[in-house]
Amino acid sequence: MSNQFAGKTAVISGGAGGIGFALAEEFGQLGMNIVIADIDQTQLAQAQQKLQDANISVLACPLDVTQVEQWQDTVTAAEAKFGNIHMLVNNAGVGGIPGTINDTKLETWQWVMDVNVMGVVNGTQTVGPSIKRHGQGGWIINVASMAGMMGIAHSGAYAASKAAVVSMSESWAAELKPHNIAVSALCPAFVKTRIHESLRNLQPAYQSIKEQGDKSMSTDGGANHAKALVESGIPTSVLAKRVVEALQSGQTYIFTHPNFRAPVGYRGVLLDNAFADAENSPVVGHLKDDEIVML
Ligand SMILES: NC(=O)c1ccc[n+]([C@@H]2O[C@H](COP(=O)([O-])OP(=O)(O)OC[C@H]3O[C@@H](n4cnc5c(N)ncnc54)[C@H](O)[C@@H]3O)[C@@H](O)[C@H]2O)c1
């Protein structure tokens, strides 16, 4: 099999289910060695079996993305089995608990930020150096969301975490370009997965928020609406094919739902209006033509 992925190795967090598993199947079918790393060990074993049955070279590693040592163990095991690592998919994430500003407890913010933001930081800090070291270049795909491109009422913590992933991806794309490592932010809208059941993976450290999540489910505090939206989403297999297509055309933002162009584009209009307003300002307008110096 000859394509730019064949014979290379991908590490996929949250690779036992949903989007992560579909990417494992897709890249595996393109001839990559696949490392699936996931907090759900039962699903991990089933996913490993399915990939093996499809003749894909696979390694399964238990991983909670919030735990740096588990990332280090994953890298050690991946390199021992397959040699160099070329791709990291920071996919593991949780949907949080839909709720108003005041209903969203500090513990919920902590859980969402630890998994969705620090999980991506931990993955990139541990796997990134391995991709850099061999000098052949590679890919880092950070799974953000359309929610990272536009705020969403009653999902402040989730949207903020995904905006952080978009921003980190932009920063890292500039930093890693000289190393021939392409960093992209995958921003899907709704995809048919179990993201609305994220509380199933709640770590013991965050158990205090379980009650709030169960309440949101039983009283329709937004959780049932989220479920309906996710179930109306595109199949994971379609998303996976789109990711491969977009990587081949070198996209920094990978969009899977062109119908979101208008609302996200409207944000662009608002930004442009805000710049025009600043240009016309007697207070700061004189800065308009100043040279921009970046790091
Ligand atoms: N489904 C959607 O509509 C949608 C839309 C935009 C973005 N996303 C993002 O896609 C990514 C994948 O989600 P999904 O939709 O496939 O959901 P999912 O719940 O079906 O799959 C998530 C996978 O991550 C694993 N996981 C959860 N917490 C983990 C942790 N702490 N450490 C390691 N593994 C963990 C789960 O066991 C599961 O296998 C997430 O980052 C999510 O925010 C999903």
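Procedures and definitions
Residues numbered from 1 in each chain as written. Predicted model: local features only at pLDDT ≥ 70, side-chain atom pairs only at ≥ 80, totals over all residues. Heavy atoms only, no water. Helix = DSSP H or I, 4+ residues; strand = E, 2+ residues; numbered from the N terminus. Buried < 20%, exposed > 50% of the residue type's maximum accessible area, 1.4 Å probe, protein only. Contact = heavy atoms within 4.5 Å. Lys, Arg positive; Asp, Glu negative; His and termini not counted. Charge placed at Lys NZ, Arg CZ, Asp CG, Glu CD. Patch = residues over 30% accessible without salt bridge, like charges linked within 9 Å, V, L, I, M, F, W, Y side chains within 5 Å. Areas by Shrake-Rupley, 256 points an atom, 1.4 Å probe, with all protein chains shown as cover. Salt bridge = Lys/Arg side-chain N within 4 Å of Asp/Glu carboxyl O. Pairing = 2+ DSSP bridges. Right-handed = clockwise from strand over helix to strand, strands pointing away. Polar contact = N/O pair within 3.5 Å; in protein donor to acceptor, adjacent residues only side chain to side chain. Near = heavy atom within 4 Å.

## What to know about the overall build of the chain
Along its length, the chain carries nine helices and seven strands. Across its three principal axes, the chain shows a C-alpha extent of roughly 65 × 50 × 35 Å. Out of the 295 residues in the chain, the part that is buried amounts to 47%. Expressed as a percentage of contacts within the chain between residues at least 6 apart in sequence, the contacts between residues at least 24 apart total 73%. The average position of the 19 basic charges and that of the 26 acidic charges among the side chains of the chain differ by 6 Å.

## Overview of a nonpolar patch on the surface
A cluster of nonpolar side chains, Y266, V269 and L270, forms an exposed patch at the surface whose accessible area comes to about 290 Å². Mapping Y266 onto the fold places it in helix α9 (residues 261–279).

## A few points about the pairing of strand β1 (residues 9–13)
With five of five residues buried, β1 is to be regarded as a mostly interior element. Here β1 shows no split at all, with T9, V11 and S13 on one side and A10 and I12 on the other all buried. Of the pairings in the sheet, the one linking β1 to strand β2 (residues 33–38) comprises five bridges and is parallel in character. The residue bridging I12 from the neighbouring strand is I36, located in β2. You can see the chain leave β1, run along helix α1 (residues 18–29) and come back into β2, and the turn it takes is right-handed. Direction of pairing for β1 relative to strand β4 (residues 87–90): parallel, over a ladder of three bridges. Within the sheet, the bridge partner assigned to V11 lies in β4 and is L88.

## Some details on the side chain of N116
The topology assignment puts N116 in helix α4 (residues 106–133). A polar atom in the side chain of N116 sits 3.1 Å from the side chain of S161. If we skip the residues at most four places from it in the chain, N116 touches G93, V94, Y158, S161, K162 and V165.

## Concerning the site of the ligand
The environment of the ligand is made up of 29 residues, and the closest members are I19, D38, Y158, V191 and T193. Between the ligand and D38, the relevant distance is 2.6 Å, taken from an oxygen atom to a side-chain nitrogen or oxygen of the residue. Between the ligand and the protein, one listed contact pairs an oxygen atom with a side-chain N or O atom of N201 at 3.3 Å. For the ligand, the protein covers 98% of the area, taking 830 Å² as the surface of the free molecule. Secondary-structure elements contributing two or more residues to the shell around the ligand are α1 and α5 (156–176).

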